[in-house]
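Residues per chain, in single letters:
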Amino acid sequence: MKPTIALRLLACLLLLLPAAAIARPALWVVKDADTTIYLFGTVHLLPTDTDWHYPALDQAVEDSQRLYIELTDDDQANMMALVLRYGLDTAHPLSSLLNESEQLRLRIAANKAGVPGGMPALNVMRPWLAALTLATAPLLKAGLDPEHGVDKQLKSQMAGAGKQVLGLETAEQQIRFLADMPKAVELAFLRSTLRDIDKGSIELTELIGAWKNGDIATIARLEDEDMRQTEPKLYQLLLVQRNEIWATKIATMLQQPGTVFIAVGAAHLAGPDSVQAQLHKLGVDAVRQ
């Protein structure tokens, strides 16, 4: 069974590990004569006692002078302001965009997911925000805190050591990747979420194991391949285009000496259109550690 597109988009963020699990997620390195760049796939929500460290990873972090993560301006106030700006549409209630059957599924999904405010809250959201809310609400309700995510932990560690932490994107850029989707793609995103909402947990369990074991082939199959086949426009907008931009930035980083650690969602480092694949097109090869 296939996960919802919302869960696939968030899979690199929401791979939930069981308590006290020991993970060994994948790590790559890009090198030239005087520059070393590490590439690491992250998850954004983790139980507080998840151990994802291992010696090679810890050494790479210690050796790095700078950290790049997807966002550095994702504080609650800024994200809330952006959601209010790009995610709400009181003039066009969500129910008016769906047929009766879809409205019923939306109502059931809201109740089952424990969405704060239920159907009335969803009804003023744009389709993209409603889809992500339905995917994430059960996780937040279960007490999982984004502040315990891998990227936040790395940010805290590097900043605490007096090292520079930079963002590959801004929060507004990231939200606008969703908010600027063509209306048909945005509705397809929500409809897929509603259609498959009961199926996501099954494949998330498989994704958990894949991330823990650094199983990139499985991550690509579960996340990237299905989205590429069922929603190719969404795949291009949210994965391929961003990977191309990041690869260009990484290739440019090779012009400056030093050691850099880059941590992005695991989905971006898997599949035929991964950051590594985009780097290869630019004549830069990433080697698995």
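Coordinates for the structure precede this section.
To start, this report covers the structure provided alongside it.

What counts, and where the lines are drawn
Residues numbered from 1 in each chain as written. Predicted model: local features only at pLDDT ≥ 70, side-chain atom pairs only at ≥ 80, totals over all residues. Heavy atoms only, no water. Helix = DSSP H or I, 4+ residues; strand = E, 2+ residues; numbered from the N terminus. Phe/Tyr/Trp six-rings, centres within 6.5 Å; stacked < 30°, edge-to-face > 60°. Buried < 20%, exposed > 50% of the residue type's maximum accessible area, 1.4 Å probe, protein only. Expected span 1.5 Å × (residues − 1). Arc of directions from axis to C-beta. Polar contact = N/O pair within 3.5 Å; in protein donor to acceptor, adjacent residues only side chain to side chain. Salt bridge = Lys/Arg side-chain N within 4 Å of Asp/Glu carboxyl O. Core = buried A, V, L, I, M, F, W, Y, C linked by side-chain atoms within 4.5 Å. Contact = heavy atoms within 4.5 Å. Pairing = 2+ DSSP bridges. Axes fitted to C-alpha atoms, helices over the stretch in contact; angles between N-to-C directions. Parallel < 35°, antiparallel > 145°, perpendicular 65-115°, else oblique. Nonpolar A, V, L, I, M, F, W, Y, C, P; charged D, E, K, R; others polar.

### Brief notes about the environment of Leu-132
Part 1 of the argument: Among the secondary structure elements, Leu-132 is positioned in helix H6 (residues 127–141).
Part 2 of the argument: For the pair Leu-132 and Phe-189, spaced 57 residues apart in sequence, the C-alpha to C-alpha distance is 9.4 Å.

### Here we look at the packing of aromatic side chains
What characterises a pair of aromatic rings is the spacing of the ring centres plus the angle enclosed by the ring planes.
Part 1 of the argument: Summed over the entire model, instances satisfying the criterion amount to 3 aromatic pairs.
Part 2 of the argument: Consider the rings of Tyr-38 and Phe-261, whose centres lie 6.3 Å apart with planes at 35°: the pair is tilted. On the criterion of sequence distance, the pair formed by Tyr-38 in strand S2 (residues 35–42) and Phe-261 in strand S5 (residues 258–265) is long-range, its members being 223 residues apart. Phe-261 carries the same exposure label as Tyr-38, and that label is buried.
Part 3 of the argument: Measuring from ring centre to ring centre gives 5.8 Å for Phe-40 and Phe-261, while their planes differ by 50°; the resulting arrangement is tilted. Here Phe-40 is found in strand S2, whereas its partner Phe-261 is found in strand S5, with 221 residues between them in sequence.

### Concerning helix H4 (residues 100–113)
Part 1 of the argument: Look at H4: 20 Å from first C-alpha to last across 14 residues, which is about the 20 Å you get at 1.5 Å a residue.
Part 2 of the argument: Of the residues making up H4, those classed as buried are Glu-102, Leu-106, Ala-109, Ala-110 and Ala-113. Mapping the buried residues of H4 onto a view down its axis gives an arc of 100°, with all of them on the same face. Every exposed residue of H4 that faces more than 90 degrees away from the buried side is listed here: Glu-100, Asn-111 and Lys-112.
Part 3 of the argument: One side-chain oxygen at the N-terminal end of H4 lies 3.1 Å from the backbone nitrogen of Ser-101; it belongs to Asn-99.

### Section: the pattern of salt bridges
Part 1 of the argument: Across all of its chains, the model carries 8 salt bridges by this definition.
Part 2 of the argument: Across the salt bridge formed by Glu-102 and Arg-191, the nearest N and O atoms sit 2.8 Å from each other. Of this pair, Glu-102 sits in helix H4 while Arg-191 sits in helix H9 (residues 183–196), placing them 89 residues apart in sequence.
Part 3 of the argument: For Glu-102, a relative accessible area of 8% gives the class buried.
Part 4 of the argument: A residue is classified by how much of its surface remains accessible, and Arg-191, at 29% relative accessible area, is partly exposed.
Part 5 of the argument: Measuring nitrogen to oxygen at the nearest pair gives 2.8 Å for the salt bridge that ties Arg-242 to Glu-169. On the criterion of sequence distance, the pair formed by Arg-242 in helix H12 (residues 232–253) and Glu-169 in the loop between strand S4 (164–167) and helix H8 (171–179) is long-range, its members being 73 residues apart. When sorted by exposure, Arg-242 lands in the same class as Glu-169, which is buried.
Part 6 of the argument: A single salt-bridge network, built from bridges that share partners, covers Glu-70, Glu-169 and Arg-242.

### Considerations on the nonpolar core
Part 1 of the argument: The biggest cluster of nonpolar side chains holds 32 residues, and the ones touching the most others in it are Leu-106, Leu-122, Trp-128, Leu-134, Phe-189 and Leu-190.
Part 2 of the argument: Those elements that provide at least two residues to this core are helix H3 (76–86), H4, helix H5 (118–123), H6, H8, H9 and H12.
Part 3 of the argument: The element that contributes the greatest number of residues to this core is H6, accounting for 7 residues.
Part 4 of the argument: Excluding its chain neighbours within four sequence positions, the residues that come into contact with Leu-134 are Leu-106, Ala-109, Ala-110, Ala-113, Val-115, Leu-122, Leu-190, Thr-193, Leu-194 and Ile-197.
Part 5 of the argument: Membership of the second largest hydrophobic core comes to 25 residues, among which are Ile-250, Met-253, Val-260 and Leu-279.

### Digging into the sheet that holds strand S3 (residues 66–69)
Part 1 of the argument: If you walk across this open sheet you meet the 6 strands as S4-S3-S5-S2-S1-S6, and the pairing is mixed. Of all the strands in the sheet, just S4 and strand S6 (287–288) have a single pairing partner and so form its edges.
Part 2 of the argument: Sheet analysis places strand S1 (residues 27–31) next to S2, joined by 5 bridges and oriented antiparallel. Considered in S2, the bridge of Val-29 is made with Tyr-38.

### A short note on the environment of Thr-170
Part 1 of the argument: With respect to the helices and strands, the residue Thr-170 is situated in the loop between S4 and H8.
Part 2 of the argument: Owing to a relative accessible area of 33%, Thr-170 belongs among the partly exposed residues under this scheme.
Part 3 of the argument: For the pair Thr-170 and Thr-72, spaced 98 residues apart in sequence, the C-alpha to C-alpha distance is 7.3 Å.
Part 4 of the argument: When near neighbours in sequence (up to four residues on either side) are disregarded, Thr-170 contacts Leu-71 and Asp-73.

### Thoughts on the packing of helix H11 (residues 216–230) against H12
Part 1 of the argument: Where H11 contacts H12, the axes come no closer than 5 Å and their chain directions differ by 130°. By the angle between their axes, H11 is oblique relative to H12. Of the residues in H12, those touching H11 at Asp-224, Met-227, Arg-228, Gln-229 and Thr-230 are Pro-232, Leu-234, Tyr-235 and Leu-239.
Part 2 of the argument: Residue composition of the contact of H11 with H12, by class: 5 nonpolar, 2 polar and 2 charged.

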